Structure formats: structure tokens, C-alpha cells
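One-letter residues, chain by chain:
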Amino acid sequence: KKIDYFGNNESDWTYNPGFTFKTGANYNLDEHNNVFVNLGYLSKTKDFKYYFKGYTANFLPDSVTKNERVKALELGYAYTSKTFSANVNAYYTRWENKPTNQVKGKYEDPLTGTEGYTYGDIPGMDALHTGVEIDFIYKILRNLDFQGLISLGNWEWDKKIENLQMYFTDNNKPANTFSFDATGIHVGDAAQTQLGASLRYEPVKNFYLEVGGTHFDRYYADFNPEECTDELGNPVDSWRIPAYTLIDFHTGYKFKLESLRKLGFTIRLNVLNVLDKVYIS
């Protein structure tokens, strides 16, 4: 629907409802092997703050306020037996119109000499996430399990912004234009390579001991993609955090009290980063 905000026709705004669609299929090749495929589409309305122009009460045009869209495809294979089970899946996810912060700057008009801080409203960023994930469990003994995981991803921004109109912060009047290319810049704030393994031992019934380690690599610092360009607007990757490995220890015991109508309890002890590794996250 259209909304006329305070009688200002330039502030007309279209609300686009979101929706989610998911479907999948699985085929059992035999009693141990199966393959599957999953498809998904998500259309999500942006948070309300992304509908306003700069520091005004006016709505942005529809071209800027389009819904976020996530398109996902997953293909997988699984094997199951009494002693060994494994899952392998590959994914392709495209995230379009992801909201991001305003571009900030400072500009001096060469004709009028007007100088001041500026801002620009980005229509939305696109990102492409692809990768492969593997997890497995091997029962060495009846009460001793070895588990492992491999996650290899390639998550990159995939958007180029041309001639973004900038406005002066104090009066919302047009200033300069700004262009940047975030294509190929890695998405930050998540390790795109993870390797893990653990051993779980149950010496007696309901009591377990577990030790495991996870290696994190290809981890880029969190950042705004529109700020990760050089002076010419070309893409420059964020800082790559040094790889690190963390070792964790877990133990627990489950028991019941018959006197309290079989009320169950679980006692757990977790020690994270047992080796006191210094790392950056």
C-alpha cells in the first residue's frame, strides 16, 4: 500500500510483505546410502530504520527499500552404519539487498565552497556464499567415539555501486557522488575454514569424558564492505586474522532420584580453551 507521510508526496512508500518458500527431496539408494537436495527462497522486509532518507522523516524510493532476498541450494549425501556415519553437503546461497550502514564522508563543493560532512544511503549489498561441509562419527569401541568435521566456505561480497548520491548531513542537500566496488571482498566476522575432531569416552553408563579441538582459518575481520576500497574505489580485502586452534574439555553425568518420582539431573563441567591459547576473534 501507499502511505502519504505528513502530506509530503515525495515520501510515498511501498510496503512489500516478505515470505519464505522451502522444499526438498531425499532418495534412499539402499539401507546405508541416501542423497538429498534442498531449495529455499526467502523474501524479508528490511528493518524500518532502512526506509528513511538520511536524517529526515522522508521515505527512501522503492528502488532502495526492496526486500532482502536469499536464494539457497543444497546438495548432499549421507552414509549410515552401526560403526560409521557421515554427511557431505555442498551449498550455494545468494543474499541480495542486504542492509548496510550509510556511507559517511566529507566534501567541499569546488563551485560554492560549501564544505561539510556527507552521507549516502546504499540500496543494499549482495553476497555469495558457497562451500562444502563434512561431518562424521566413528565408533572405535562400544563406548568410545571419534567425531570430525570439515567446513570449507568461500563467502564474498558481490556488488558494485556506481554514482551513489551523497548529501550534506546538516541540510540534506545533494553533495558529490560516490562509487565503490566490493566484488570479491571476503565476508568478515566468520571463519571460512573450520576443521574439528573430538574423542568421547563413556567409562560407565551415563558418565562421559570428551576432548576436542577446532582449527579456525581464513577468518576476516568484521568491516563495512563500502569502506574496504582503495582511493580509486577498487576492492581491498579486510584484515585476515591469524589462524588458531582451540582445545576444549567436557564431562558430564546423568542420574535420577527415585525418591522424587524419577526426577532426572545432569551435572556438566566444561573447560573451554584448555591450553589457554591467545587468539583474536
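Residues numbered from 1 in each chain as written. Predicted model: local features only at pLDDT ≥ 70, side-chain atom pairs only at ≥ 80, totals over all residues. Heavy atoms only, no water.

Caption draft 1: The arrangement of the overall build of the protein in detail. Along the protein, the regular secondary structure elements total zero helices and 17 strands. The C-alpha atoms of the protein give a radius of gyration of 26 Å, which is well past the 19 Å a tight globule of 281 residues would have. A principal-axis box enclosing the C-alpha atoms of the protein has dimensions of 80 × 45 × 45 Å. The proportion of buried residues among the 281 residues of the protein is 32%. Relative to all contacts within the protein whose residues are 6 or more apart in sequence, the contacts with residues 24 or more apart total 61%. As presented, the protein carries roughly 17400 Å² of accessible surface, and 56% of it is formed by carbon and sulfur atoms. Measuring between centres, the 30 positive side-chain charges of the protein sit 10 Å from its 36 negative side-chain charges. (Helix = DSSP H or I, 4+ residues; strand = E, 2+ residues; numbered from the N terminus. Rg over C-alpha atoms; globule rule 2.2 N^0.38 Å. Buried < 20%, exposed > 50% of the residue type's maximum accessible area, 1.4 Å probe, protein only. Contact = heavy atoms within 4.5 Å. Areas by Shrake-Rupley, 256 points an atom, 1.4 Å probe, with all protein chains shown as cover. Lys, Arg positive; Asp, Glu negative; His and termini not counted. Charge placed at Lys NZ, Arg CZ, Asp CG, Glu CD.)

Caption draft 2: Molecular detail of the nonpolar core. With 16 residues, the main nonpolar core has Ile122, Met125, Trp157, Leu164, Phe180, Ala182 and Ile185 as its most contacted residues. For this core, the secondary-structure elements that each account for two or more residues are strand S9 (125-141), strand S10 (144-157) and strand S11 (160-168). It is S11 that contributes the most residues to this core, three residues altogether. In this view, Ile185 contacts Trp155, Glu156, Trp157, Phe223, Pro225, Cys228, Pro235, Val236 and Asp237; residues no more than four positions away in its chain are not counted. Membership of the second largest hydrophobic core comes to six residues, among which are Phe216, Tyr219, Ile241 and Leu246. (Core = buried A, V, L, I, M, F, W, Y, C linked by side-chain atoms within 4.5 Å.)

Caption draft 3: Looking closely at the sheet that holds strand S8 (residues 115-120). Judged by pairing direction, the sheet is antiparallel, and its four strands sit side by side in the order S7-S8-S11-S12 without closing on themselves. Both outer strands of the open sheet, strand S7 (103-108) and strand S12 (174-181), are each paired with one neighbouring strand and no more. Between one strand axis and the next, the sheet turns through 35° on average, direction left out of account. Sheet topology note: the S8/S11 ladder contains two bridges and is antiparallel. Paired with Thr118 across the two strands is Phe168, which belongs to S11. (Pairing = 2+ DSSP bridges. Axes fitted to C-alpha atoms, helices over the stretch in contact; angles between N-to-C directions.)

Caption draft 4: A look at the confidence of the model for the protein. Considering every residue of the protein, the mean pLDDT works out to 89; 94% of them sit at 70 or more. This model gives residues 1-11 a pLDDT under 50, and the stretch forms 19 contacts once residues within four places in sequence are excluded. (pLDDT = per-residue confidence, 0-100.)

Caption draft 5: Focus on the environment of Gly120. Residue position: Gly120 is located in strand S8. For Gly120, a relative accessible area of 0% translates into the label buried. Placed 46 residues apart in sequence, Gly120 and Met166 show a C-alpha to C-alpha distance of 4.5 Å. Once residues within four sequence positions are removed from consideration, Gly120 is found in contact with Gln102, Val103, Leu164, Gln165 and Met166.

Caption draft 6: Examining the pairing of S10 more closely. Where S9 meets S10, 14 bridges bridge the pair, whose relative direction is antiparallel. Across the sheet, Ala127 pairs through a bridge with Trp157, a residue of S10. The loop that links S9 with its antiparallel partner S10 comprises two residues. The sheet contact formed by S10 and strand S13 (residues 191-204) spans nine bridges and is antiparallel. Along S13, the bridge assignment pairs Ser151 with Gln194.

Caption draft 7: Spatial organisation of the side chain of Thr251. Relative to the helices and strands, Thr251 resides in strand S16 (residues 244-257). You can call Thr251 buried: its relative accessible area is 11%. Within the structure, the side chain of Thr251 is placed 2.8 Å from the backbone oxygen of Tyr208, a separation counted as a polar contact. Setting aside residues no more than four positions away along its own chain, Thr251 makes contact with Phe207, Tyr208, Leu209, Ile267, Arg268 and Leu269. (Polar contact = N/O pair within 3.5 Å; in protein donor to acceptor, adjacent residues only side chain to side chain.)

Caption draft 8: Examining the pattern of salt bridges more closely. Counting across every chain of the model gives 11 salt bridges. Lys160 is the partner of Glu162 in a salt bridge, and the nearest nitrogen-oxygen pair spans 3.5 Å. Put simply, Asp217 and Arg240 hold a salt bridge, and the shortest N to O gap is 3.3 Å. With Asp217 in strand S14 (residues 207-220) and Arg240 in strand S15 (residues 240-241), the pair connects residues that are 23 residues apart, well separated along the chain. On the accessibility criterion, Arg240 (41% relative accessible area) is partly exposed. (Salt bridge = Lys/Arg side-chain N within 4 Å of Asp/Glu carboxyl O.)

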